[in-house]
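Observations on chain architecture
Residues per chain, in single letters:
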Amino acid sequence: MMEMIDHYQPDYVVRFDADACQCPACQQAPEGWPRVNVALKNQQRESLAMACESAAKAILLDPEAFNLQVSHAEPQGEQMLSPWDEMLNQQCINLAVHPSMPLEVSLYAIGVLLSKAQHYLEKGESDPMLLLAMGEQLAMLAAEGILEQQFGELPPIPQNSLAALKEMGQLRLALNLPMAEKMGVMLKLSELAIMPTSRLEERLKELELADRQVLLFMEQPQIMRNFLIYKLYHDVFPGVACVNYGEAYLQLATTFFRIRMLCALGTNGEGVLPTQTALVLISALSAWELEHPVTAEQNTTSDYSLLCGLSLL
Ligand SMILES: [Zn+2]
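Residues numbered from 1 in each chain as written. Predicted model: local features only at pLDDT ≥ 70, side-chain atom pairs only at ≥ 80, totals over all residues.

Quick notes on the pairing of strand S2 (residues 35-40)
Using the following cut-off: Here, strands pair whenever DSSP counts at least two bridges between them. Secondary structure follows DSSP: runs of H or I at least 4 residues long count as helices, runs of E at least 2 residues long count as strands, and numbering of each begins at the N terminus.
Pairing between S2 and strand S3 (residues 43-48): six bridges, direction antiparallel. Looking across to S3, one finds that Asn37 is bridged to Glu46. Between S2 and S3, which pair antiparallel one after the other, the connecting turn spans two residues.

Written as structure tokens, this is what we have:
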């Protein structure tokens, strides 16, 4: 008899009606897309590709999107999810859904966890209980407000944000927006690549200010929170058999930085960002990043990439 394994299905998959979507990505996609099955030898996760706009809507808007149904299925995949990787992913998810952590603090805590995990890995230690203990310790520090305080004391490295913003000038996003709105965002993006440094510094400050005033994210905080949970769940973050946690973290932090800056670019002067525009921006960025993944600088350590990632929060 075939051994049965855990099969996960979040609410956003259950409720999704793929036939109804006419977004540009769906029109070009093969049959079955945007449904994705992350099929590992010992676990399966059903999901949707964020590059579909309807999928982005289903994943990001519903506060209950991540209610999981667990069933059992026959294994389809070849790759094993090791107990270490599974625990690391689970601890990242726990930190992402922790009720006393603001989003940035969840991201910070994940960075601290990965830094420790990398050091264990390099010492040849692979007991998942080490990660469990670390996760619990971080949750305790969060509940006491210590983590938020530590996060606030991180030294800023403005040149990292500046470089990340400049690089956004290279993004060529397929934006399914009305022409005027689309051209506006494209223009604002492409000028980032050619701005003199002093002007770019001003622009960064303007966008950081605008980012803190996006009404949509104040009214619907689950959008960014769900995005984080999605990345962790869908990518089995930091990844199956991943060995460079710093690079994985840098990718995650860069994506968050880009979403914040993109949404700030997309707001009007009063902080208004239409929900549909936010969904299109996030969905288009996801499509771009699948084709053009962020990579760590060559010949740098995992710790260095982690620090770079933290500086973008
Ligand atoms: Zn679609």
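Some details on the pairing of S3
The following threshold applies: Counts of 20 or more other C-beta atoms within 10 Å of a residue's own C-beta define buried residues, counts of 12 or fewer define exposed ones, and intermediate counts define partly exposed ones; C-beta atoms are placed from the backbone.
Of all six residues making up S3, six are buried, and the element is well covered by its neighbours. Residues of S3 alternate between two faces, with Gln43, Arg45 and Ser47 on one and Gln44, Glu46 and Leu48 on the opposite face, all of them buried.

Quick look at the packing of helix H8 (residues 158-167) against helix H10 (residues 197-212)
The condition is simple: The axes used here are C-alpha line fits, helices contributing only the stretch in contact, and every angle between their N-to-C directions lies in the interval 0 to 180 degrees. Any angle from 65 to 115 degrees is called roughly perpendicular, while one under 35 is roughly parallel, one over 145 is roughly antiparallel, and all others are oblique. Any pair of residues counts as being in contact when their C-beta atoms, constructed from backbone geometry, are within 7 Å of one another. By the convention adopted, Pro, Cys, Tyr, Trp, Phe, Met, Ile, Leu, Val and Ala count as nonpolar, Lys, Arg, Asp and Glu as charged, and the other residues, Gly among them, as polar.
It is the contact of H8 with H10, at a shortest axis distance of 10 Å, that shows an interaxial angle of 95°. Viewed along their axes, H8 and H10 adopt a mutual orientation that is roughly perpendicular. Every residue of H10 that contacts H8 at Ser161, Leu162, Leu165 and Lys166 is listed here: Leu200, Glu201 and Leu204. Partitioned by chemical class, the residues of the contact of H8 with H10 number four nonpolar, one polar and two charged.

Description of the sheet that holds S3
Taken together, the four strands give an open sheet; going across it, the order is S2-S3-S1-S4, and neighbouring strands pair in mixed fashion. Only two strands of the sheet have a single partner each, and these edge strands are S2 and strand S4 (68-73). When the angles between neighbouring strand axes are averaged without regard to direction, this sheet yields 20°.

Points about the environment of Glu136
Inspection of the secondary structure puts Glu136 in helix H6 (residues 128-143). Along the chain, Glu136 and Gln91 lie 45 residues apart, while their C-alpha atoms are 8.5 Å from each other.

Here we look at the environment of Met140
Along the chain, Met140 falls in helix H6. Through-space distance from the C-alpha of Met140 to that of Glu53 is 37 Å; in sequence the pair is 87 residues apart.

Looking at helix H4 (residues 83-96)
Worth spelling out the cut-off: By this rule, a helix spans an expected 1.5 Å times one less than how many residues it contains.
Compared with the 20 Å implied by 1.5 Å per residue over 14 residues, the 20 Å span of H4 between its first and last C-alpha is a close match. Regarding H4, the residues found buried are Asp85, Met87, Leu88, Asn89, Gln91, Cys92, Leu95 and Ala96. The elements touched by buried residues of H4 are helix H5 (103-122), H6 and helix H12 (222-234).

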